[in-house]
Amino acid sequence: MNVTGAEEKYSQLPEKEGSLRKASAEHGGYAGAYGSERITENNTTNANESRKGLLEEIVSAANLNEAFKRVRANKGAHGVDGMKVDELLQYLKENGEAVRQSILDGKYRPNPVRRVEIPKEDGKKKRNLGIPTVVDRVIQQAIAQVLKPIYERQFSENSYGFRPKRSAHGAIEKSQNHIQEGYKYVVDMDLEKYFDSVNQSKLIEVLSRTIKDGRVISLIHKFLRAGVVVRRKFEETELGVPQGGNLSPILSNIMLNELDKEMERRGHRFVRYADDLLIFCKSRRSAERTLENILPFIEKKLFLKVNREKTVVDEARGIKFLGFSFYEAKGETRVRIHPKSIAKMKAKIKAQTSRSNGMGNEERAKKLGRYIMGWVNYFKIADMKKLLKTTDEWMRRRIRMIYWKQWKRVRTKFKMLQTLGIRKQKAWEFANTRKGYWRTSISPILTTSLGNNTIRGLGFLFFSDYYRQVTA
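Here's what I pulled together on the structure shown here.

Conventions we followed
- Residues numbered from 1 in each chain as written.
- Predicted model: local features only at pLDDT ≥ 70, side-chain atom pairs only at ≥ 80, totals over all residues.
- Heavy atoms only, no water.
- Helix = DSSP H or I, 4+ residues; strand = E, 2+ residues; numbered from the N terminus.
- Buried < 20%, exposed > 50% of the residue type's maximum accessible area, 1.4 Å probe, protein only.
- Contact = heavy atoms within 4.5 Å.
- Areas by Shrake-Rupley, 256 points an atom, 1.4 Å probe, with all protein chains shown as cover.
- Core = buried A, V, L, I, M, F, W, Y, C linked by side-chain atoms within 4.5 Å.
- Phe/Tyr/Trp six-rings, centres within 6.5 Å; stacked < 30°, edge-to-face > 60°.
- Pairing = 2+ DSSP bridges.
- Axes fitted to C-alpha atoms, helices over the stretch in contact; angles between N-to-C directions.
- Expected span 1.5 Å × (residues − 1).

Observations regarding the overall build of the chain
Point 1. In terms of regular secondary structure, the chain is built from 20 helices and 10 strands.
Point 2. Put simply, the chain has 472 residues, and 49% of those count as buried.
Point 3. In the chain, 73% of the contacts between residues at least 6 apart in sequence involve partners at least 24 apart.
Point 4. Counting every atom, the chain has about 24,200 Å² of accessible surface; 46% of that belongs to carbon and sulfur.

Written out as structure tokens, the structure is:
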């Protein structure tokens with residue numbers, strides 16, 4: 001078995017019994033990473049009961065093959081062993097049964113996750129992500145697939161994050177309904193570094209109430225305690241659920257379902273999306289009292305940290321939730337995009353339409369198009385027609401500025417303007433302008449030659465055009 005450079009890089013880490021090593025080999029298309037065993041309908045998970053033998057269901061061929069396909073489809077970066085997703089199939093063909101048996105024997109040891117930091121929205125702080133090895137991702141996904149139907153019936157109707165047929169849009173619409181019904185004050189709860197501060201013992205206790213197969217609890221605990229590699233150094237993980245692993249979403253919901261059930265017991269109206277939580281009240285005083293009373297449960301029962309500085313009581317129209325905000329018009333609660341989300345979008349467009357980012361125009365148009373489609377699909381439930389119109393005008397001006405700079409010389413400008421339909425005399429006059437790039441981008445020189453339809457013909461997508469497509 002060949003040892004890759006990435007393996008040698010982390011060779012100082014203690015090798016655990018049953019941990020997986022990389023086997024590099026070329027492979028063809030998907031042909032089944034595991035054997036031919038299949039689950040029948042009568043052997044699927046019953047969400048109403050907790051039974052032994054759950055581990056066998058997790059490592060069944062059908063479940064592992066489905067997990068493999070999901071991991072392969074999601075792609076993603078490599079873990080500490082350097083194995084890439086496109087090397088995974090061949091590895092599992094050669095070692096899958098041994099991996100499966102080591103899990104059943106209780107000898108499987110997950111590898112530590114690779115820690116990467118990504119900037120938060122404010123650009124000042126960073127969020128820790130833990131990237132498991134691709135093999136560990138398959139096993140985590142296999143566990144998650146079996147746990148989800150068991151826990152779905154336990155989860156609250158007020159929980160919207162990382163759940164089937166639920167989304168941020170549902171969370172916003174539910175919030176909108178609460179506000180419309182007179183619950184105009186909110187507790188905007190901030191759980192400090194939630195994924196990094198989950199008490200693992202408490203999480204295991206909560207899991208053990210439903211999962212009666214101790215081998216599954218032990219396997220999950222091993223993933224929690226696998227450790228992280230930070231700048232080539234191994235660190236133990238006694239707290240937290242590594243954000244970025246396939247198990248993190250379901251474990252997050254299982255833990256915070258304890259808070260959901262407590263708030264339902266107390267009769268609160270609330271909406272939760274992952275660790276973003278709003279509690280709705282009819283008055284400021286009621287909201288302040290609600291916050292004061294729920295804090296002991298969160299901190300002393302669940303052992304989670306509440307960021308007192310960021311947790312606020314405010315009118316619903318004053319808060320940002322999942323990138324949206326609320327306002328009132330003619331007695332109706334409406335949804336719009338929060339100014340911070342708009343600023344973030346404009347910063348992204350500005351970066352992709354920079355004159356000096358080295359990007360070709362064809363690539364620029366494709367990247368802008370992908371970003372615009374994703375952004376509009378997420379925010380389409382908000383009132384934003386006017387915003388999109390002004391954003392399109394600004395973006396088109398930046399695109400015109402790019403082309404004007406790329407043409408550089410007077411002769412090139414003269415030639416391109418003629419190609420775009422400007423008469424010879426006028427093209428020569430325009431080509432000799434001494435105006436700066438930004439000023440020229442809004443002048444008749446370019447608004448005439450590089451009109452909206454011409455820019456569309458160059459492959460660029462406009463916010464307003466796509467918004468009309470998805471809301472028609």
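Don't stop here, the text continues.
Side note on the nonpolar core
As a rule of thumb, nonpolar side chains are buried together in soluble globular proteins.
Point 1. Membership of the largest hydrophobic core comes to 69 residues, with the highest contact counts inside it found for Met189 and Leu251.
Point 2. Among the elements that line this core, the one with the most residues is helix 5 (residues 134-152), at 11 residues.
Point 3. Once you skip the residues sitting within four places of it in the chain, Met189 turns out to touch Asp275, Leu277, Ile279, Leu291, Ile294, Ile298, Val306 and Thr311.
Point 4. Within the second largest apolar cluster, 54 residues are counted, among which are Val186, Phe324, Val376 and Tyr467.

Considering unusual backbone geometry
Point 1. At Phe162, a position not held by glycine, the phi torsion is positive, near 55 degrees.
Point 2. With respect to the secondary-structure elements, Phe162 resides in the loop between helix 5 and helix 6 (168-180).
Point 3. Exposure remark for Phe162: the relative accessible area of 43% places this residue in the partly exposed category.
Point 4. Even without a glycine there, the phi angle at Arg231 is positive, about 50 degrees.
Point 5. Tracing the backbone through its elements, the reader meets Arg231 in the loop between strand 4 (228-230) and strand 5 (233-235).

What to know about the packing of aromatic side chains
Point 1. In this structure the tally under the stated criterion is 11 aromatic pairs.
Point 2. Centroid distance Phe414 to Trp428: 5.1 Å. Interplanar angle 90 degrees. Geometry classified as edge-to-face. Here Trp428 lies in helix 16 (residues 424-431) and Phe414 lies in helix 15 (residues 410-419), a separation of 14 residues in the sequence.
Point 3. With relative accessibility at 44%, the residue Trp428 sits in the partly exposed group.

Details of the sheet that holds strand 4
Point 1. Overall, mixed pairing links the 4 strands, which are arranged 2-1-4-5 in an open sheet. For this open sheet the edge positions go to strand 2 (126-131) and strand 5, each flanked by a neighbour on one side alone. Direction aside, the axes of adjacent strands within the sheet are offset by 40 degrees on average.
Point 2. The sheet contact formed by strand 1 (residues 113-119) and strand 4 spans 2 bridges and is parallel. If you follow Arg114 over to strand 4, its bridge partner there is Val229.

With respect to helix 3 (residues 61-74)
Point 1. Taking 1.5 Å as the rise per residue, helix 3 with 14 residues should run 20 Å; its terminal C-alpha atoms sit 20 Å apart, in good agreement.
Point 2. For helix 3, the set of buried residues is Ala61, Asn63, Leu64, Asn65, Ala67, Phe68 and Val71.
Point 3. As for helix 3, its buried residues are in contact with helix 2 (54-58), helix 4 (88-104) and helix 5.
Point 4. Phi for Lys75, located one or two positions after helix 3, is positive at around 55 degrees.

Taken by themselves, the reported measurements are silent on function.
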